[in-house]
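# Architecture and fold: a report
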Amino acid sequence: MGTITGKPKRAVVIGGSVGGLFAAVLLRQAGWLVDVHDRSATSLTGRGAGITTHPELLEVFAAIGIGLDDLGIRADRRITLGSDGSVISEMTVPQIHTSWDRIYRLLLDRIPGENYHLDCGFVRADQSDDGVRVQLSNGETVLADLLVGADGFRSAVREQFAPEIQPVYSGYVVWRGTPVESRLAPQTIESVFPYFAFYFPKEQQVMGYPIAGLHNDLRPGFRRYNWIWYRVVDDAKLKEMCTDETGRHHEFSIAPPLIRKEIVAEMRDDARNILPPQFLDCLDNIDSPFFTPIYDFIPSRMAFGRVALIGDAASVSRPHSGFGVSKAACDAFAMVKALERTGDVVSALKSFEPERIAINGQVVRHGRFLGTALTINSSNREESKAPELPVHEHMMRHLAMPNFLHA
Ligand SMILES: Cc1cc2nc3c(=O)[nH]c(=O)nc-3n(C[C@H](O)[C@H](O)[C@H](O)COP(=O)(O)OP(=O)(O)OC[C@H]3O[C@@H](n4cnc5c(N)ncnc54)[C@H](O)[C@@H]3O)c2cc1C
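Since we're looking at a predicted model, the values are computed, not measured.

## Looking at the overall build of the protein
A count of helices and strands for the protein gives twelve helices and 19 strands. The C-alpha radius of gyration of the protein comes to 21 Å, within 12% of the 22 Å expected for a compact globule of 407 residues. Projecting the C-alpha coordinates of the protein onto the three principal axes gives extents of approximately 70 × 45 × 40 Å. Here the protein holds 407 residues, and the buried ones make up 44% of them.

## A look at the packing of helix H2 (residues 55-63) against helix H9 (residues 324-341)
For the pair H2 and H9, interaxial distance at closest approach is 8 Å and the crossing angle is 50°. With respect to H9, the axis of H2 lies oblique. For the crossing formed where H2 meets H9, the hand is left-handed. Every residue of H9 that contacts H2 at Glu56, Leu57, Val60 and Ala63 is listed here: Val325, Ser326, Ala329, Cys330 and Phe333. Split into classes, the residues belonging to the contact of H2 with H9 amount to seven nonpolar, one polar and one charged.

## Brief notes about the site of the ligand
The full set close to the ligand counts 35 residues, and Ser17, Gly19, Gly152, Gly311 and Gly324 are the nearest of them. Listing elements by their share of the shell around the ligand, those giving two or more residues are helix H1 (18-29), strand S5 (50-52), strand S13 (168-177) and H9. Looking at the shell around the ligand, the element that brings in the most residues is H9, giving four residues. Among the residues making up the shell around the ligand, the classes are represented as 13 nonpolar, 17 polar and five charged. The residue makeup of the shell around the ligand includes at least three contributed by each of domain 1 (3-63 + 103-166 + 296-373) and domain 2 (76-94 + 168-295).

## Observations regarding the domain arrangement of the protein
In terms of domains, the protein is made up of domain 1 (3-63 + 103-166 + 296-373) and domain 2 (76-94 + 168-295). Computed from C-alpha coordinates alone, the two centres of domain 1 and domain 2 are separated by 29 Å. Counting residues at the interface gives twelve residues for domain 1 and 14 residues for domain 2. Its residues assigned to classes, the side of domain 1 that touches domain 2 shows six nonpolar, three polar and three charged.

## Details of helix H3 (residues 100-108)
Along H3, the residues that are buried comprise Trp100, Asp101, Ile103, Tyr104, Leu106 and Leu107. Contact partners of the buried residues in H3: H1, S5, strand S7 (87-99) and H9.

## Topic: the sheet that holds strand S9 (residues 122-128)
The three strands lie next to each other as S9-S10-S11, forming an open sheet whose pairing is antiparallel. A strand with exactly one partner marks an edge of an open sheet, and here the two such strands are S9 and strand S11 (141-144). Neighbour-to-neighbour, the strand axes of this sheet turn through a mean angle of 20°, independent of strand direction. Note that strand S10 (residues 131-136) and S11 share four bridges and pair antiparallel. Across the sheet, the residue bridging to valine 134 is valine 142, located in S11.

## Topic: the sheet that holds strand S17 (residues 290-296)
Adjacent strands of a sheet form backbone hydrogen bonds with each other and so pair up, either parallel or antiparallel. One open sheet holds the eight strands; their spatial order is S5-S7-S6-S14-S15-S16-S13-S17, and the pairing between them is mixed. A strand with exactly one partner marks an edge of an open sheet, and here the two such strands are S5 and S17. Each strand of the sheet is rotated relative to its neighbour by a mean of 30°, with strand direction disregarded. Taken together, the three bridges between strand S14 (residues 196-199) and strand S15 (residues 204-211) define a ladder with antiparallel strand orientation. Bridging across to S15, tyrosine 199 finds its partner in valine 206. Running over the sheet, H3 touches S5 and S7 and is turned about 25° from S7.

Reading guide: rules and limits
- Residues numbered from 1 in each chain as written.
- Predicted model: local features only at pLDDT ≥ 70, side-chain atom pairs only at ≥ 80, totals over all residues.
- Helix = DSSP H or I, 4+ residues; strand = E, 2+ residues; numbered from the N terminus.
- Rg over C-alpha atoms; globule rule 2.2 N^0.38 Å.
- Buried ≥ 20, exposed ≤ 12 C-beta atoms within 10 Å, placed from the backbone.
- Axes fitted to C-alpha atoms, helices over the stretch in contact; angles between N-to-C directions.
- Parallel < 35°, antiparallel > 145°, perpendicular 65-115°, else oblique.
- Left-handed = near helix turned anticlockwise from the far one by under 90°.
- Contact = placed C-beta atoms within 7 Å.
- Nonpolar A, V, L, I, M, F, W, Y, C, P; charged D, E, K, R; others polar.
- Near = placed C-beta within 6 Å.
- Domains from an automatic or database assignment.
- Pairing = 2+ DSSP bridges.

Spelled out as structure tokens, the structure:
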């Protein structure tokens, strides 16, 4: 329970994206007073792209009273294309595809505006018998019973409490974009748009699935296709790709508006020789495709006294399992359940940590296995121990598959 002797407990959540919001909504439901702080000065609305859902995520939605009616678009069939765009393999897998924006909005609507603070970053935290004292970039210091670090893969909270944990570059990037349905060719709309579709050229993965249009528009014509292309990129090339027009190099990744035009043009040229017609049509109808370098790391710590790490701050999995948002939701759910079971915050976090480290480690390893087809030349030892390269059948049966944790 969020109260001891009738006095509500107070939590500070760092990171106002999906992980932080799941924690905030669940904690409020358990009776806690919660403030969420994000360093971004502008609204997060409009960030992110498609999100495949899993039963674990739907279970957390149910626990907070979010129904599935207009969560997203259901695709029942998976297809794999050959280079000419014909279907070479197919299977039935019902799955709802939603978007980051949709999830963000559904959660944000459950947090009072006065408890959600933008332009307010984490500076540091100090623990004592009274609680945890959190310093924020707006100059405020807040005393709380619990600090939740949900500040993403380069977490400042993790940097203070476990600086030895660092993300590892996978050796590849993902290009993405979301073309609007009405702009696609009739052949693409008919043969690919309704499906979770895949194409597997050597050392690459290309895929897509339908998602709602802007502002959750589910009308035919207004929906979008979540287009994704993973490509191997070595360290030298990544450095070049993460250098902007002014010659400034951006460590880890570059913001989409800063990607140089020639990097996009080079990718579009390659696409003409590689992609089947429908996936090329998708790309041709994306005005500003952008890339994200893929990193991961296995969690080793998630609890430090009254401080918990959740979501990408705690562990990052490569996106092939499509489980990042589900993982953040499950971390938050497990943390709040432990707090409800055990009145004492420190003991509760101690009991939540081993359970989530075991599952999240499994999720990260699974992501590495699914990325193996992309990284045949990788020197990453863990990947090179993976079994023989999965063929396209195998990949279609494993990528972003619901229930993979129980398979
Ligand atoms: C290509 C790609 C495809 C993906 N596809 C899927 C998918 O299909 N399904 C899925 O479930 N997941 C997917 N993911 C993963 C998913 O997007 C992430 O796992 C998820 O967004 C993590 O949420 P989070 O809240 O933990 O972190 P984030 O979304 O990274 O949010 C962290 C927040 O913390 C804030 N912040 C950072 N530093 C500070 C600070 N010092 N102080 C205050 N605030 C701070 C940031 O502004 C940000 O808002 C994909 C990821 C990628 C890259």
